[in-house]
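Reading the structure
Here is what each chain is made of, one letter per residue.
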Amino acid sequence: MSTADRASGATAAAQAFARLTGHSPEGFWTSPGRVNLVGEHTDYNAGWVLPATMNRSAVVAAGLRADGIVRCASLQVRGVVEMRLEDVHPGGDPGWAAPVLGALWAMRRAGMVVPGIDLVVDSAIPIGAGLASSAALEVATVLAASGLTGVPLAATDVARCCQAGEQAIAGAPTGIMDPLVALAGRRGHAVFLDCRSLEHDLVPFEPERFDGTLLVIDTTVAHDNRSSGYHARREQCAQAAAVLGIPSLRDAALDDVTTGLSGELQRRARHVVTENDRVLRVTELLRAGRLPEIGPLLDLSHASLRDDYEVSCAELDCAVEAARGAGAWGARMTGAGFGGSAIALLPTAKRDAVADSVRMAFAERGHRAPHVFAVTTADGAGRCG
Ligand code: GLA
(Lines give C-alpha, C1' and ligand atoms only; values in the text may rest on other atoms or scores of the structure.)
Protein backbone atom coordinates (compact mmCIF):
# COMPACT_ATOMS: atom_id res chain seq x y z
CA MET A 1 0.00 0.00 0.00
CA SER A 2 1.19 3.52 -0.66
CA THR A 3 0.83 6.08 2.10
CA ALA A 4 -2.43 7.17 0.47
CA ASP A 5 -3.71 3.56 0.36
CA ARG A 6 -2.81 3.08 4.00
CA ALA A 7 -4.75 6.20 4.88
CA SER A 8 -7.83 5.06 2.95
CA GLY A 9 -7.49 1.57 4.52
CA ALA A 10 -7.44 3.24 7.92
CA THR A 11 -10.47 5.41 7.04
CA ALA A 12 -12.54 2.45 5.90
CA ALA A 13 -11.47 0.45 8.97
CA ALA A 14 -12.33 3.41 11.25
CA GLN A 15 -15.83 3.62 9.81
CA ALA A 16 -16.40 -0.12 10.21
CA PHE A 17 -14.98 0.07 13.73
CA ALA A 18 -17.47 2.80 14.66
CA ARG A 19 -20.32 0.69 13.28
CA LEU A 20 -19.13 -2.31 15.31
CA THR A 21 -18.50 -0.58 18.63
CA GLY A 22 -20.31 2.77 18.52
CA HIS A 23 -17.08 4.68 19.13
CA SER A 24 -13.77 5.57 17.42
CA PRO A 25 -10.75 3.28 17.49
CA GLU A 26 -7.82 4.16 19.75
CA GLY A 27 -5.31 3.66 16.98
CA PHE A 28 -4.33 2.03 13.66
CA TRP A 29 -1.54 -0.39 12.89
CA THR A 30 -0.40 -1.65 9.52
CA SER A 31 1.68 -4.57 8.32
CA PRO A 32 2.71 -5.45 4.74
CA GLY A 33 2.62 -8.63 2.71
CA ARG A 34 5.88 -9.96 1.28
CA VAL A 35 7.38 -11.52 -1.78
CA ASN A 36 10.17 -13.94 -1.08
CA LEU A 37 12.92 -13.30 -3.64
CA VAL A 38 14.75 -16.53 -2.85
CA GLY A 39 15.15 -18.92 0.10
CA GLU A 40 12.04 -21.08 -0.01
CA HIS A 41 11.41 -23.75 2.63
CA THR A 42 14.72 -22.87 4.22
CA ASP A 43 13.39 -20.94 7.23
CA TYR A 44 12.27 -24.00 9.19
CA ASN A 45 15.60 -25.62 8.36
CA ALA A 46 17.43 -22.84 10.24
CA GLY A 47 18.71 -21.50 6.91
CA TRP A 48 18.71 -18.16 5.10
CA VAL A 49 15.93 -16.29 3.31
CA LEU A 50 15.75 -13.09 1.26
CA PRO A 51 12.20 -11.68 1.24
CA ALA A 52 11.02 -8.10 0.65
CA THR A 53 7.99 -6.32 2.07
CA MET A 54 5.62 -5.13 -0.64
CA ASN A 55 3.21 -2.25 -1.16
CA ARG A 56 0.09 -4.22 -0.21
CA SER A 57 -0.75 -4.22 3.48
CA ALA A 58 -3.26 -5.00 6.15
CA VAL A 59 -4.49 -2.22 8.42
CA VAL A 60 -6.20 -2.81 11.75
CA ALA A 61 -8.24 -0.31 13.73
CA ALA A 62 -8.26 -1.29 17.39
CA GLY A 63 -9.46 -0.35 20.85
CA LEU A 64 -9.14 -2.06 24.24
CA ARG A 65 -12.01 -3.52 26.20
CA ALA A 66 -11.89 -4.54 29.82
CA ASP A 67 -13.98 -7.70 29.72
CA GLY A 68 -11.53 -10.24 28.24
CA ILE A 69 -13.48 -10.49 24.98
CA VAL A 70 -11.97 -10.26 21.51
CA ARG A 71 -14.34 -9.03 18.87
CA CYS A 72 -13.14 -8.69 15.30
CA ALA A 73 -14.56 -7.89 11.92
CA SER A 74 -13.02 -7.70 8.47
CA LEU A 75 -13.82 -5.60 5.44
CA GLN A 76 -12.94 -8.57 3.23
CA VAL A 77 -14.61 -11.49 5.04
CA ARG A 78 -18.18 -11.63 6.32
CA GLY A 79 -19.00 -12.35 9.92
CA VAL A 80 -18.05 -10.81 13.26
CA VAL A 81 -15.99 -13.17 15.43
CA GLU A 82 -16.46 -12.74 19.16
CA MET A 83 -14.73 -14.89 21.73
CA ARG A 84 -13.43 -14.79 25.28
CA LEU A 85 -9.66 -14.78 25.03
CA GLU A 86 -9.42 -17.50 27.68
CA ASP A 87 -11.54 -19.76 25.46
CA VAL A 88 -9.05 -19.60 22.59
CA HIS A 89 -7.12 -22.87 22.60
CA PRO A 90 -5.29 -25.15 20.18
CA GLY A 91 -7.57 -27.48 18.26
CA GLY A 92 -10.50 -25.04 18.07
CA ASP A 93 -11.69 -23.67 14.75
CA PRO A 94 -11.65 -19.87 14.94
CA GLY A 95 -12.21 -19.46 11.16
CA TRP A 96 -10.93 -16.38 9.33
CA ALA A 97 -9.93 -14.68 12.59
CA ALA A 98 -7.41 -17.43 13.48
CA PRO A 99 -4.39 -15.14 12.88
CA VAL A 100 -5.82 -12.48 15.22
CA LEU A 101 -6.87 -14.92 17.95
CA GLY A 102 -3.67 -16.95 17.62
CA ALA A 103 -1.44 -13.91 17.99
CA LEU A 104 -3.32 -12.74 21.11
CA TRP A 105 -3.32 -16.27 22.55
CA ALA A 106 0.47 -16.42 22.07
CA MET A 107 0.97 -13.05 23.78
CA ARG A 108 -0.96 -14.28 26.80
CA ARG A 109 0.93 -17.54 26.83
CA ALA A 110 4.18 -15.56 26.87
CA GLY A 111 2.98 -13.89 30.06
CA MET A 112 1.68 -10.59 28.68
CA VAL A 113 -1.53 -9.16 30.03
CA VAL A 114 -3.96 -8.83 27.16
CA PRO A 115 -7.33 -7.45 28.16
CA GLY A 116 -10.16 -7.61 25.64
CA ILE A 117 -9.85 -5.90 22.30
CA ASP A 118 -12.10 -4.72 19.46
CA LEU A 119 -10.44 -4.93 16.10
CA VAL A 120 -11.40 -4.26 12.47
CA VAL A 121 -9.20 -5.43 9.61
CA ASP A 122 -8.86 -4.00 6.13
CA SER A 123 -6.37 -5.90 3.99
CA ALA A 124 -5.19 -5.44 0.41
CA ILE A 125 -3.15 -8.67 0.50
CA PRO A 126 -4.90 -11.46 -1.39
CA ILE A 127 -5.72 -14.39 0.91
CA GLY A 128 -4.26 -17.79 0.02
CA ALA A 129 -1.95 -16.26 -2.60
CA GLY A 130 1.32 -17.12 -0.86
CA LEU A 131 1.98 -13.45 -0.04
CA ALA A 132 1.83 -13.79 3.76
CA SER A 133 -1.60 -12.28 4.37
CA SER A 134 -1.93 -14.14 7.71
CA ALA A 135 1.41 -12.94 9.02
CA ALA A 136 0.45 -9.35 8.20
CA LEU A 137 -2.71 -9.73 10.26
CA GLU A 138 -0.83 -11.34 13.13
CA VAL A 139 1.87 -8.67 13.22
CA ALA A 140 -0.65 -5.80 13.06
CA THR A 141 -2.63 -7.47 15.88
CA VAL A 142 0.38 -7.93 18.18
CA LEU A 143 1.55 -4.35 17.53
CA ALA A 144 -1.95 -3.07 18.28
CA ALA A 145 -2.22 -5.04 21.53
CA SER A 146 1.26 -4.05 22.68
CA GLY A 147 0.69 -0.42 21.62
CA LEU A 148 -2.64 -0.18 23.43
CA THR A 149 -1.40 -1.82 26.62
CA GLY A 150 1.84 0.16 26.57
CA VAL A 151 4.07 -2.93 26.69
CA PRO A 152 6.81 -2.51 24.07
CA LEU A 153 8.07 -5.68 22.42
CA ALA A 154 11.26 -6.43 20.46
CA ALA A 155 10.67 -7.36 16.81
CA THR A 156 11.84 -10.92 17.42
CA ASP A 157 9.35 -11.31 20.29
CA VAL A 158 6.53 -10.00 18.11
CA ALA A 159 7.53 -12.44 15.36
CA ARG A 160 7.74 -15.36 17.80
CA CYS A 161 4.23 -14.65 19.12
CA CYS A 162 2.91 -14.56 15.55
CA GLN A 163 4.59 -17.83 14.67
CA ALA A 164 3.43 -19.54 17.88
CA GLY A 165 -0.16 -18.41 17.29
CA GLU A 166 -0.08 -19.52 13.66
CA GLN A 167 1.21 -22.95 14.65
CA ALA A 168 -1.02 -23.58 17.66
CA ILE A 169 -4.28 -21.83 16.81
CA ALA A 170 -4.32 -21.61 13.01
CA GLY A 171 -2.74 -25.08 12.80
CA ALA A 172 -0.10 -24.13 10.21
CA PRO A 173 3.45 -25.22 11.16
CA THR A 174 5.07 -22.21 9.49
CA GLY A 175 8.56 -20.78 10.00
CA ILE A 176 9.65 -17.37 11.26
CA MET A 177 10.24 -15.68 7.89
CA ASP A 178 6.88 -14.02 7.24
CA PRO A 179 6.29 -12.18 10.53
CA LEU A 180 9.93 -11.19 10.87
CA VAL A 181 10.21 -9.68 7.41
CA ALA A 182 6.90 -7.85 7.90
CA LEU A 183 8.59 -6.08 10.81
CA ALA A 184 12.10 -5.69 9.41
CA GLY A 185 11.34 -4.81 5.79
CA ARG A 186 12.16 -1.38 4.36
CA ARG A 187 11.34 0.36 1.13
CA GLY A 188 14.10 -0.12 -1.44
CA HIS A 189 15.41 -3.26 0.26
CA ALA A 190 15.12 -6.98 0.75
CA VAL A 191 15.83 -8.54 4.14
CA PHE A 192 18.66 -11.05 4.39
CA LEU A 193 17.61 -13.13 7.40
CA ASP A 194 19.49 -15.88 9.18
CA CYS A 195 16.65 -18.01 10.53
CA ARG A 196 18.91 -19.63 13.13
CA SER A 197 20.24 -16.51 14.86
CA LEU A 198 17.41 -14.25 13.61
CA GLU A 199 20.08 -11.70 12.71
CA HIS A 200 19.06 -9.73 9.67
CA ASP A 201 20.43 -7.12 7.32
CA LEU A 202 18.88 -4.89 4.71
CA VAL A 203 20.10 -5.51 1.16
CA PRO A 204 19.44 -2.96 -1.61
CA PHE A 205 16.64 -4.14 -3.88
CA GLU A 206 15.25 -1.51 -6.23
CA PRO A 207 14.40 -2.95 -9.66
CA GLU A 208 13.27 0.58 -10.71
CA ARG A 209 16.90 1.73 -10.62
CA PHE A 210 17.69 -0.88 -13.28
CA ASP A 211 14.59 -0.01 -15.36
CA GLY A 212 13.15 -3.16 -13.93
CA THR A 213 9.84 -4.29 -12.47
CA LEU A 214 8.84 -7.03 -10.05
CA LEU A 215 5.65 -8.70 -11.18
CA VAL A 216 3.44 -10.95 -9.07
CA ILE A 217 1.44 -13.61 -10.86
CA ASP A 218 -1.27 -14.86 -8.51
CA THR A 219 -2.41 -18.16 -10.00
CA THR A 220 -5.60 -17.96 -7.87
CA VAL A 221 -5.00 -21.61 -6.97
CA ALA A 222 -5.50 -21.22 -3.22
CA HIS A 223 -2.70 -22.62 -1.12
CA ASP A 224 -2.97 -23.32 2.59
CA ASN A 225 -0.06 -23.83 4.97
CA ARG A 226 -2.23 -26.16 7.06
CA SER A 227 -2.06 -28.61 4.15
CA SER A 228 -0.53 -32.01 4.55
CA GLY A 229 2.11 -31.13 1.92
CA TYR A 230 3.70 -28.43 4.08
CA HIS A 231 3.65 -30.71 7.16
CA ALA A 232 5.16 -33.54 5.16
CA ARG A 233 8.03 -31.39 3.84
CA ARG A 234 8.89 -30.25 7.34
CA GLU A 235 8.90 -33.80 8.61
CA GLN A 236 11.02 -35.08 5.74
CA CYS A 237 13.59 -32.35 6.41
CA ALA A 238 13.72 -33.25 10.11
CA GLN A 239 14.10 -36.89 9.16
CA ALA A 240 16.90 -36.13 6.68
CA ALA A 241 18.76 -34.10 9.32
CA ALA A 242 18.36 -36.96 11.82
CA VAL A 243 19.79 -39.48 9.32
CA LEU A 244 22.75 -37.16 8.73
CA GLY A 245 23.18 -36.66 12.49
CA ILE A 246 22.99 -32.86 12.33
CA PRO A 247 20.69 -30.40 14.14
CA SER A 248 19.13 -29.16 10.91
CA LEU A 249 19.70 -29.17 7.15
CA ARG A 250 21.36 -25.75 7.43
CA ASP A 251 24.38 -27.72 8.65
CA ALA A 252 24.51 -30.10 5.66
CA ALA A 253 26.95 -29.86 2.75
CA LEU A 254 25.99 -31.10 -0.71
CA ASP A 255 28.43 -34.02 -0.38
CA ASP A 256 26.73 -35.20 2.83
CA VAL A 257 23.40 -35.20 1.03
CA THR A 258 24.78 -37.10 -1.97
CA THR A 259 26.51 -39.76 0.06
CA GLY A 260 24.35 -39.97 3.20
CA LEU A 261 20.81 -39.88 1.78
CA SER A 262 18.84 -41.41 -1.07
CA GLY A 263 15.48 -41.13 -2.84
CA GLU A 264 12.95 -38.60 -1.68
CA LEU A 265 14.88 -37.50 1.42
CA GLN A 266 17.91 -36.83 -0.74
CA ARG A 267 15.93 -34.66 -3.13
CA ARG A 268 14.28 -32.69 -0.32
CA ALA A 269 17.63 -32.08 1.38
CA ARG A 270 19.32 -31.20 -1.91
CA HIS A 271 16.77 -28.46 -2.46
CA VAL A 272 17.42 -26.99 0.99
CA VAL A 273 21.20 -27.08 0.64
CA THR A 274 21.28 -25.61 -2.88
CA GLU A 275 18.60 -23.03 -2.01
CA ASN A 276 20.62 -21.78 0.96
CA ASP A 277 23.56 -21.34 -1.40
CA ARG A 278 21.37 -19.42 -3.87
CA VAL A 279 20.28 -17.04 -1.12
CA LEU A 280 23.92 -16.22 -0.37
CA ARG A 281 24.72 -15.73 -4.06
CA VAL A 282 21.69 -13.55 -4.79
CA THR A 283 22.47 -11.45 -1.71
CA GLU A 284 26.04 -10.96 -2.93
CA LEU A 285 24.88 -9.89 -6.40
CA LEU A 286 22.38 -7.40 -4.97
CA ARG A 287 25.00 -5.95 -2.66
CA ALA A 288 27.30 -5.58 -5.65
CA GLY A 289 24.62 -3.62 -7.57
CA ARG A 290 24.10 -6.43 -10.13
CA LEU A 291 20.34 -6.90 -9.76
CA PRO A 292 19.42 -8.19 -13.26
CA GLU A 293 22.03 -10.94 -12.87
CA ILE A 294 20.02 -12.64 -10.11
CA GLY A 295 17.56 -13.88 -12.77
CA PRO A 296 19.19 -17.24 -13.52
CA LEU A 297 19.39 -18.01 -9.79
CA LEU A 298 15.66 -17.37 -9.46
CA ASP A 299 15.11 -19.78 -12.36
CA LEU A 300 17.25 -22.43 -10.66
CA SER A 301 15.34 -21.94 -7.44
CA HIS A 302 12.09 -22.66 -9.25
CA ALA A 303 13.48 -25.79 -10.91
CA SER A 304 14.68 -27.06 -7.56
CA LEU A 305 11.28 -26.40 -5.90
CA ARG A 306 9.56 -28.12 -8.82
CA ASP A 307 11.80 -31.16 -9.21
CA ASP A 308 13.49 -31.78 -5.84
CA TYR A 309 11.08 -30.29 -3.33
CA GLU A 310 7.95 -30.97 -5.44
CA VAL A 311 5.87 -28.03 -4.19
CA SER A 312 5.10 -26.38 -7.53
CA CYS A 313 1.97 -26.97 -9.62
CA ALA A 314 1.00 -26.74 -13.30
CA GLU A 315 -0.17 -23.12 -12.97
CA LEU A 316 3.02 -21.96 -11.24
CA ASP A 317 5.19 -23.74 -13.83
CA CYS A 318 3.12 -22.19 -16.60
CA ALA A 319 3.52 -18.68 -15.11
CA VAL A 320 7.27 -19.07 -14.73
CA GLU A 321 7.85 -20.51 -18.22
CA ALA A 322 5.68 -17.91 -19.95
CA ALA A 323 7.31 -15.02 -18.07
CA ARG A 324 10.77 -16.25 -18.88
CA GLY A 325 9.84 -16.92 -22.53
CA ALA A 326 8.61 -13.33 -22.87
CA GLY A 327 11.86 -11.82 -21.64
CA ALA A 328 11.88 -11.84 -17.82
CA TRP A 329 15.35 -11.80 -16.23
CA GLY A 330 14.14 -14.59 -13.96
CA ALA A 331 11.01 -16.06 -12.44
CA ARG A 332 10.04 -18.47 -9.69
CA MET A 333 7.22 -19.50 -7.44
CA THR A 334 7.21 -17.57 -4.16
CA GLY A 335 5.95 -18.69 -0.74
CA ALA A 336 5.10 -22.25 0.22
CA GLY A 337 3.83 -23.35 -3.21
CA PHE A 338 1.06 -25.89 -3.97
CA GLY A 339 -0.68 -22.90 -5.62
CA GLY A 340 -0.32 -19.26 -4.66
CA SER A 341 1.89 -16.86 -6.60
CA ALA A 342 4.97 -16.66 -8.79
CA ILE A 343 7.22 -13.63 -9.16
CA ALA A 344 8.96 -12.44 -12.31
CA LEU A 345 11.77 -9.89 -12.38
CA LEU A 346 11.93 -8.16 -15.74
CA PRO A 347 12.87 -5.10 -17.76
CA THR A 348 9.98 -2.63 -17.36
CA ALA A 349 9.82 -2.32 -21.17
CA LYS A 350 8.73 -5.99 -21.29
CA ARG A 351 6.11 -5.67 -18.58
CA ASP A 352 3.03 -5.74 -20.82
CA ALA A 353 4.47 -8.44 -23.08
CA VAL A 354 5.20 -10.67 -20.10
CA ALA A 355 1.78 -10.10 -18.52
CA ASP A 356 0.03 -10.80 -21.85
CA SER A 357 2.07 -13.87 -22.51
CA VAL A 358 1.32 -15.28 -19.05
CA ARG A 359 -2.41 -14.67 -19.49
CA MET A 360 -2.36 -16.28 -22.94
CA ALA A 361 -0.45 -19.32 -21.69
CA PHE A 362 -2.98 -19.78 -18.88
CA ALA A 363 -5.89 -19.53 -21.32
CA GLU A 364 -4.28 -21.98 -23.76
CA ARG A 365 -3.77 -24.57 -21.04
CA GLY A 366 -7.25 -24.12 -19.64
CA HIS A 367 -6.12 -22.60 -16.33
CA ARG A 368 -8.28 -20.00 -14.58
CA ALA A 369 -7.13 -16.44 -15.44
CA PRO A 370 -4.32 -15.30 -13.14
CA HIS A 371 -4.08 -11.92 -11.41
CA VAL A 372 -0.95 -10.18 -12.65
CA PHE A 373 0.25 -7.03 -10.91
CA ALA A 374 3.45 -5.10 -10.31
CA VAL A 375 4.65 -4.54 -6.76
CA THR A 376 7.24 -2.26 -5.22
CA THR A 377 9.06 -2.68 -1.95
CA ALA A 378 7.57 -0.94 1.08
CA ASP A 379 8.30 -0.19 4.70
CA GLY A 380 7.60 -2.74 7.39
CA ALA A 381 4.89 -2.81 10.03
CA GLY A 382 4.09 -0.02 12.47
CA ARG A 383 1.53 2.34 13.90
CA CYS A 384 -0.16 4.39 11.19
CA GLY A 385 -2.60 6.54 13.08
C1 GLA B 1 5.19 -20.13 4.15
C2 GLA B 1 5.63 -20.09 5.60
C3 GLA B 1 7.07 -19.64 5.73
C4 GLA B 1 7.99 -20.44 4.80
C5 GLA B 1 7.42 -20.48 3.39
C6 GLA B 1 8.23 -21.35 2.47
O7 GLA B 1 5.13 -18.84 3.64
O8 GLA B 1 4.81 -19.20 6.32
O9 GLA B 1 7.48 -19.76 7.07
O10 GLA B 1 8.23 -21.72 5.30
O11 GLA B 1 6.08 -20.92 3.39
O12 GLA B 1 9.47 -20.78 2.26
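Residues numbered from 1 in each chain as written. Predicted model: local features only at pLDDT ≥ 70, side-chain atom pairs only at ≥ 80, totals over all residues. Heavy atoms only, no water.

1. A word on the overall build of the protein chain
Rule in force here: Secondary structure follows DSSP: runs of H or I at least 4 residues long count as helices, runs of E at least 2 residues long count as strands, and numbering of each begins at the N terminus. For the radius of gyration, the atom set is restricted to C-alpha positions; the globular benchmark scales as 2.2 Å times the number of residues to the power 0.38. In what follows, residue pairs with any heavy atoms lying within 4.5 Å of each other are defined as contacts. For the accessible areas, the method is Shrake-Rupley and the probe is 1.4 Å, while residue cover comes only from the protein chains on display. This count recognises Lys and Arg as positive and Asp and Glu as negative, with His and chain-terminal groups excluded. For this purpose, a charge sits on NZ of Lys, CZ of Arg, CG of Asp or CD of Glu.
Secondary structure summary: the protein chain contains 11 helices and 12 strands in total. Relative to the compact-globule value of 21 Å for 385 residues, the protein chain shows a C-alpha radius of gyration of 20 Å, a close match. For the protein chain, the proportion of contacts with a sequence separation of at least 24, taken over those separated by at least 6, is 72%. Approximately 14,700 Å² of the protein chain is accessible, and the part contributed by carbon and sulfur atoms is 50%. Each charge sign in the protein chain was given a centre, from 35 positive and 43 negative side chains, and these centres are 2 Å apart.

2. Focus on unusual backbone geometry
Just so we agree on the cut-off: Only protein chains enter the accessibility calculation, which uses a 1.4 Å probe. A residue is then buried if its area is under 20% of the maximum for its type, exposed if over 50%, and partly exposed in between.
The phi angle at Leu198 is positive, at roughly 65 degrees, despite the residue not being glycine. Under the relative-accessibility criterion, Leu198 is labelled buried at 9%. Although it is not a glycine, Asp211 adopts a positive phi angle of roughly 50 degrees. Relative to the helices and strands, Asp211 is located in the loop between β7 (200-204) and β8 (212-218). Judged by its relative accessible area of 60%, Asp211 is exposed.

3. Focus on the nonpolar core
Threshold: Here, nonpolar core means buried Ala, Val, Leu, Ile, Met, Phe, Trp, Tyr and Cys residues that are tied together by side-chain atoms lying within 4.5 Å of each other.
Counting residues in hydrophobic clusters, the biggest one holds 48 residues, and the most contacted among them are Val60, Val70, Leu104, Met107, Ile117 and Leu119. If you list the elements that add at least two residues to this core, you get β2 (48-65), β3 (69-74), α2 (98-109), β5 (116-123), α3 (133-149), α4 (155-168), α5 (177-184) and β6 (189-194). Discounting residues that sit within four places of it in the chain, Val70 has contacts with Val81, Glu82, Met83, Leu85, Val100, Leu101, Leu104 and Ile117. Counting residues in each nonpolar core, the second largest holds 40 residues, with Leu265, Val272, Met333 and Val372 among its members.

4. Structural notes on the pairing of β7
Defined as follows: The criterion for strand pairing is that DSSP finds at least two bridges linking the strands in question.
One ladder, built from 5 bridges, connects β6 with β7; its direction is antiparallel. Bridge pairing in β7 links Leu193 to His200. Connecting β6 to the antiparallel partner β7 that follows it, the hairpin turn spans 5 residues, and Leu198 within it adopts a positive phi of roughly 65 degrees.

5. A short note on the pattern of salt bridges
Keep this limit in mind: Note on definitions: salt bridges are taken to be side-chain nitrogens of Lys or Arg within 4 Å of carboxyl oxygens of Asp or Glu.
Across all of its chains, the model carries 21 salt bridges by this definition. For Glu310, the salt bridge goes to Arg267, with nearest N and O atoms at 2.8 Å. Of this pair, Glu310 sits in the loop between α9 (295-307) and α10 (314-325) while Arg267 is found in helix α8 (residues 263-287), placing the two residues 43 residues apart along the sequence. On the basis of relative accessibility, which here comes to 34%, the residue Glu310 falls in the partly exposed class. Here the salt bridges do not stand alone but share partners, grouping Glu40, Glu275, Arg278 and Arg332 into one network.

6. Brief notes about the packing of aromatic side chains
Rule in force here: What counts as a ring pair is set by centres within 6.5 Å for rings of Phe, Tyr and Trp (its six-membered ring), and what kind of pair is set by the plane angle: stacked under 30 degrees, edge-to-face over 60, tilted for all other angles. Note on criteria: charge over ring means Lys NZ or Arg CZ within 6 Å of the ring centre, with the direction from the centre no more than 35 degrees off the ring normal.
Counted according to the given criterion, the structure contains 1 aromatic pair. Where Tyr44 meets Tyr230, the ring centres are 5.5 Å apart and the plane angle is 65 degrees; that geometry is what we call edge-to-face. Taken together, the residues span a long stretch of sequence, with Tyr44 in the loop between β1 (27-38) and β2 and Tyr230 in helix α6 (residues 228-244) at a distance of 186 residues. Residue Tyr44 is classed as buried on the basis of its relative accessible area of 12%. Between the NZ or CZ atom of Arg56 and the centre of the ring of Phe373, over which it lies, the distance is 4.1 Å. Looking at Arg250, its charged tip hangs above the ring of Trp48, at a distance of 4.0 Å from the centre.

7. Overview of the domain arrangement of the protein chain
Basically, it comes down to this: The domain boundaries here were taken from an automatic or database domain assignment. By convention, the term buried area covers the 1.4 Å-probe accessible surface removed from two parts as they join, with the contributions of both added.
Segmenting the protein chain into domains produces domain 1 (3-204) and domain 2 (207-375). On a C-alpha basis, the centroid separation for the pair domain 1 and domain 2 is 25 Å. Contact with domain 1, which involves 38 residues of that partner, is made by 44 residues of domain 2. Of the roughly 3,400 Å² buried between domain 1 and domain 2, counting both surfaces, carbon and sulfur atoms make up 60%. Three residues, Glu40, His41 and Trp48, lead the burial of domain 1 against domain 2; their summed loss comes to 18% of the area buried on that side. Here domain 1 and domain 2 share 4 salt bridges between them.

8. Some details on the environment of Leu131
Mapped onto the elements of the fold, Leu131 is located in the loop between β5 and α3. On the basis of relative accessible area, Leu131 is assigned to the buried category, the value being 0%. When the C-alpha positions of Leu131 and Val354 are compared, they lie 21 Å apart, and in sequence the two are 223 residues distant. For Leu131, the residues in contact, after removing those within four places along its chain, are Gly33, Arg34, Val35, Met54, Ile125, Pro126, Val216, Thr334, Ser341 and Phe373.

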